[in-house]
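# Observations on the three-dimensional arrangement
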Amino acid sequence: MRKNFGAKTYIYPQPVLIIGTYNENGKANAMNAAWGGICGADRVMVELGSHQTTDNIAETKAFTIAIADEANVVACDYVGIASGRDVPDKMEKAGFTTVKSEFVNAPVINELPITLECELESVDKGMYIGKIVNVSVDEKYLGEDGEPDLVKFNPITFDPVHHTYIALGDTVGKAFADGKKLF
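Predicted, not measured: the structure shown is a model, and the values here were computed from it. (Residues numbered from 1 in each chain as written. Predicted model: local features only at pLDDT ≥ 70, side-chain atom pairs only at ≥ 80, totals over all residues. Heavy atoms only, no water.)

Turning our attention to the pairing of strand 12 (residues 164-167). In terms of strand pairing, strand 11 (residues 156-159) meets strand 12 through four bridges, oriented antiparallel. Counted as the bridge partner of Ile156 is Ala167 from strand 12. In textbook terms, the turn of a hairpin is the stretch between consecutive antiparallel strands, and for strand 11 and strand 12 this stretch comprises four residues, one of which, His163, has a positive phi near 55°. (Pairing = 2+ DSSP bridges. Helix = DSSP H or I, 4+ residues; strand = E, 2+ residues; numbered from the N terminus.)

Tracing the chain through its elements places Thr53 in helix 1 (residues 52-60). Discounting residues that sit within four places of it in the chain, Thr53 has contacts with Ile19, Thr21, Asn29, Ala30 and Met31. (Contact = heavy atoms within 4.5 Å.)

Our next topic: unusual backbone geometry. The step from Tyr12 to Pro13 runs through a cis peptide bond, and the omega angle for that step is -10°. Locating Pro13 in the fold gives a position in the segment before strand 1 (14-15). The residue Lys125 is not glycine, and still its phi comes out positive at about 50°. Relative to the helices and strands, Lys125 resides in the loop between strand 9 (114-124) and strand 10 (127-137). At Phe176, a position not held by glycine, the phi torsion is positive, near 60°. Among the structural elements, Phe176 can be located in the segment after strand 12.

Looking now at the environment of Gln52. You can see Gln52 is positioned in helix 1. By relative accessible area, which is 19% here, Gln52 ends up buried. In this structure the C-alpha to C-alpha distance between Gln52 and Tyr22, which are 30 residues apart in sequence, comes to 9.6 Å. Contacts of Gln52, omitting those with residues within four sequence positions, involve Asn23, Asn29, Gly84 and Arg85. (Buried < 20%, exposed > 50% of the residue type's maximum accessible area, 1.4 Å probe, protein only.)

The structure is reproduced here in structure tokens:
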């Protein structure tokens, strides 16, 4: 037996994305967004509504997307509930420091392990499509193979039912390999 819930945002895991932008004066801002993800080999989509962040993207045509992690859950939640329109020192209060991306006119948040650096490609009904120009990863989160190691940085997921953040768990299988057992 299944229970029906109607149209809900119940997709798991739901990434916790921190969108970084600069305002017209070059001041860094960030917001938390749960509705987004990869939508092509070099494209990302986020639904953002209307925020200081969206005003900034309209001005600069660029943004970064950092992946929230367990170590920064309080700061990542804070930038989602404090408005850049009302709290001009929001980044400082969150404890975030930034450097300018080498590839786009947007900030990279030093405290977050992985950042997608994006150029705005299009906007449609609050859906922002960005072309991924670069992905930067803090080297301390790389594995022995030189690639990002999710275990080292503990990304979090958003639970839209209970409004909680959950750390992702253990490796349970090998993609593009385990299914071959059924051939």
